[in-house]
Amino acid sequence: MKYETIHNTSTGSVRSLTLPKIGFGTWTIGGETSADPTTDSASTAALHSALETGYTHFDTAEYYSDGHAEELLGRAVRETKTKRENLFITSKVSPEHLDYDNLINSCEKSLRRLDMDYIDLYLIHWPRVGMNLEEAFRALNKLVRDGKVKNLGVSNFKLKLLKQAQSFSETPIITDQVPYSLPNHIYVKNGVLEYCQQNDILVTAYSPVKFRSISVNKTLGDIAKAHSATPFQVALAWLVIQPRVITIPMSFNPAHIKENFDAADIELTPSEIELLKGG
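Position numbers for residues start from 1 in each chain and track the written sequence from start to end. pLDDT decides what is reported in this predicted model: residues at 70 or higher carry local features, side-chain atom pairs at 80 or more are listed and counted, and totals for whole chains, interfaces and linings draw on all residues regardless. Neither water nor hydrogens contribute to the side-chain values; these are computed over all heavy atoms in the structure.

Trainee: Talk me through the sheet that holds strand β9 (residues 202–206); I want residue IDs and the actual numbers.
Mentor: Taken in spatial order, the eight strands line up as β3-β4-β5-β6-β7-β8-β9-β10 in an open sheet, and their pairing is parallel. Two strands bound the open sheet, and with one partner strand each, they are β3 (24–25) and β10 (245–247). Pairing geometry for β9 and β10, over three bridges, is parallel. Within the sheet, the bridge partner assigned to V203 lies in β10 and is V245. Residues count as neighbours in contact if any of their non-hydrogen atoms are within 4.5 Å of one another. Axis definition: a line fitted to C-alpha atoms, limited for helices to the stretch in contact. Angles are taken between N-to-C directions and run from 0 to 180 degrees. For the purposes of this entry, the term helix denotes a DSSP run of H or I that reaches at least four residues, the term strand denotes a run of E that reaches at least two, and both are numbered from the N terminus. Lying over the sheet, helix α3 (residues 100–114) contacts β5 (88–93), β6 (119–124) and β7 (149–155), oriented at roughly 140 degrees with respect to β6. The sheet contacts of helix α4 (residues 133–145) involve β6, β7 and β8 (173–179), and relative to β7 the element is tilted by about 155 degrees. When DSSP locates at least two bridges between a pair of strands, those strands are taken to pair.

Structure representation (structure tokens):
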């Protein structure tokens, strides 16, 4: 596994924070927008497989299966007897909960569902038209001061909003989680990727391999063969070879969970990177 290290993530002292290039996402764990107990067995098996494979960064949200993903993640950590201090847990507050009291309450509910004392990274899941970002960060800053959250970030924030978030946050914004993949360069074109790379902020790429053409793309296929890898692995490798970019794929398939994890170790050549960049 390769890692990204960012600095100055704590007020009052200089320290570094190191995150694996590839973590495990939990969208569809336990359901989708609402809890679906019929998926609990498969969801629990996937989480166990990820923990046993060696994933340490797990990304979840109160929105995922209406909080049930958080419950299942916390349960899997306990069942596998994984030490909490060895994990980095990200969760997110939904846009309808960005006023001060609701945001504090959302975080406390997430902590209860996870059955954990703190969240390593807490994000605003989506910006909302008309939101009071300063008020939201007043609550987020308090959560950090109280030790319930260790680090703050945002998700789906364009450059102007990202800079506003930085101005309201008492601690450094450590990530902007955005859709980013071989065919999706929206946050490259709008300047977010470059800004993050220049300002010690991680871009956390979600939906990194969610495109139908991946298995039939000839360039991907040829490069995959050269590395004895799958096209999905090469697509992930292309992402994480970039500075300040990490990603959070998910799968229910144990073999794919392991393949995703191993993708960080694929060493693409400069010519392969350019070929992929060109589509």
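Trainee: I'd like a rundown of the pattern of salt bridges, residues and numbers included.
Mentor: Here, a salt bridge means any side-chain nitrogen of Lys or Arg that lies within 4 Å of a carboxyl oxygen of Asp or Glu. Using the criterion set out here, one finds 13 salt bridges in the structure. The partner of D120 in a salt bridge is R84, and the shortest N-O contact between them spans 2.8 Å. Here R84 lies in the loop between α2 (68–79) and β5 and D120 lies in strand β6, a separation of 36 residues in the sequence. This pair shows no difference in class: D120 is buried, exactly as R84 is. Residue D222 is joined to K218 by a salt bridge in which the shortest nitrogen-to-oxygen separation is 2.7 Å. Of this pair, D222 and K218 are both found in helix α8 (residues 218–226), four residues apart, which corresponds to roughly one turn of the helix. Residue classification places K218 among the exposed residues on the basis of a relative accessible area of 61%. Several salt bridges share partner residues, and in doing so they unite E4, K21, D200 and R244 into one network. With a 1.4 Å probe rolled over the protein chains alone, any residue whose accessible area is under 20% of its type maximum counts as buried; one over 50% counts as exposed, and the rest are partly exposed.

Trainee: Help me get a handle on helix α10 (residues 254–262), residues and values and all.
Mentor: Taken together, the buried positions of α10 are occupied by I257, N260 and F261. End-on, the buried residues of α10 take up no more than an arc of 100 degrees, which puts them together on one face. Along its buried surface, α10 packs onto β3, α1 (40–53) and α9 (231–240). Backbone nitrogen of A255 and a side-chain oxygen of the N-cap are separated by 2.8 Å at the start of α10; the cap is N253. Each C-beta atom gives one direction from the helix axis, and the arc is the one those directions make. In the analysis that follows, any N or O atom pair within 3.5 Å is treated as a polar contact, provided that within protein one partner can donate a hydrogen and the other can accept it, and provided that, for residues neighboring in sequence, both atoms belong to side chains.

Trainee: Can you break down the pairing of β6 residue by residue, with the values?
Mentor: By the criterion of burial, β6 is predominantly enclosed, with six of the six residues buried. Pairing between β5 and β6: four bridges, direction parallel. Note on β6: the bridge partner recorded for T90 is L121. Once you follow β5 into α3 and on to β6, the crossover reads as right-handed. Seen with the strands pointing away from the viewer, any crossover whose path from the first strand over the helix to the second strand runs clockwise is right-handed.

Trainee: Break down the nonpolar core for me, citing the residues and quoting the values.
Mentor: If you look at the biggest cluster of nonpolar residues, it comprises 78 residues, and the most contacted ones within it are F58, L103, Y122, I124, F137 and Y180. Setting aside residues up to four positions removed in sequence, I124 forms contacts with V93, L98, L133, A136, F137, L140, G153, V154, S155 and F157. Among buried residues, the Ala, Val, Leu, Ile, Met, Phe, Trp, Tyr and Cys ones that are joined through side-chain atoms within 4.5 Å form a nonpolar core.

Trainee: Provide a residue-level description of unusual backbone geometry, including the pertinent values.
Mentor: In this structure, K81 is a non-glycine residue whose phi angle is positive, near 55 degrees. Residue placement: K81 occurs in the loop between α2 and β5. Given a relative accessible area of 72%, K81 falls into the exposed group. Backbone geometry at D115 places phi at a positive 60 degrees, although glycine is not the residue there. Here D115 is to be found in the loop between α3 and β6.

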